[in-house]
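# Coordinate inspection notes
The residues making up each chain are set out below.
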Amino acid sequence: MTNTLAPEQIVLRIALALIAGLIIGFDSWRHQRNAGIRTYCVVVVTAAMTMMLMDSVSLNHPDGFSRVLAGCVVVVTAAMTMMLMDSVSLNHP
C-alpha cells in the first residue's frame, strides 16, 4: 500500500506554503528587517518540498520522518544561534 500524494495535493501544499511565506515576508519587509518577501518564500517552499519528499521516502521506516525532522530542527536552531551571536557581536564592539 503506497501513500503518495496526488499532483493536486502537491501544488496545493506548495501554494499554501507560498502564501504563508508572502504574509510573513511582507510583515518582515514592512518592519524593515533584513529577511523579506523573497527570503521567506524560498524558505517556506523549500521546507514544504523537503517535508513532502521525506514523507514519501520514509514510508518504509516508521522512524525515518521523525529523525529527519529532528535533524532539521537542530540545523535551524544552530543557524539561529549563530545569527543571534553575530548580531550581538555587531551591536557591542
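Note that this is a predicted model, so its numbers are computed, not measured.

Per the stated rule, a full pass over the model turns up one salt bridge. Two residues, R30 and D27, come together in a salt bridge whose shortest N-O distance is 2.8 Å. One end of the pair is R30 and the other is D27, both in helix α1 (residues 7-30) and three residues apart, which spans about a single turn.

Turning to the side chain of S28, a few remarks are in order. Looking at the element boundaries, S28 is found in helix α1. Residue contacts for S28: discarding those within four places in its chain leaves R33, A35, G36 and Y40.

Bringing the confidence of the model for the protein chain into the picture now. Residues of the protein chain with pLDDT of at least 70 account for 83%, and the chain-wide mean is 79. Taken element by element, the protein chain is modelled with least confidence in helix α3 (residues 64-91), mean pLDDT 72, and with most confidence in α1, mean pLDDT 90.

With that settled, consider the packing of α1 against helix α2 (residues 37-57). Two elements in contact, α1 and α2, have axes separated by 7 Å at closest approach and are oriented at 150°. When the interaxial angle is binned, α1 and α2 end up roughly antiparallel. Here α1 runs over α2; the crossing is right-handed. Between α1 and α2, the contacting residues are I10, R13, I14, A17, L18, G21, L22, I24, G25, F26, S28 and W29 on the first element and I37, Y40, C41, V44, V45, A48, M49 and M52 on the second.

Quick notes on the rules
- Along each chain, the written sequence defines residue order, and numbers are assigned to residues from 1.
- In view of the model being predicted, local features appear only for residues whose pLDDT reaches at least 70, and side-chain atom pairs are presented and counted only at 80 or more, with totals across whole chains, interfaces and linings using the full set of residues.
- Neither water nor hydrogens contribute to the side-chain values; these are computed over all heavy atoms in the structure.
- Salt bridges are defined by distance alone: a side-chain nitrogen of Lys or Arg within 4 Å of a carboxyl oxygen of Asp or Glu.
- Per the convention used, a helix needs a DSSP run of H or I reaching at least four residues, while a strand needs a run of E reaching at least two, with both numbered from the N terminus.
- Contacts were defined at the residue level, with two residues in contact if any of their heavy atoms lie within 4.5 Å.
- Per-residue confidence from the prediction method is given by pLDDT, with values spanning 0 to 100.
- Between N-to-C directions, angles cover 0 to 180 degrees, with each direction set by a line fitted to C-alpha atoms, over the stretch in contact for helices.
- Between 65 and 115 degrees an angle is taken as roughly perpendicular, under 35 as roughly parallel, over 145 as roughly antiparallel, and anywhere else as oblique.
- A clockwise turn of the near helix away from the far one marks a right-handed crossing, whereas an anticlockwise turn of less than a right angle marks a left-handed crossing.

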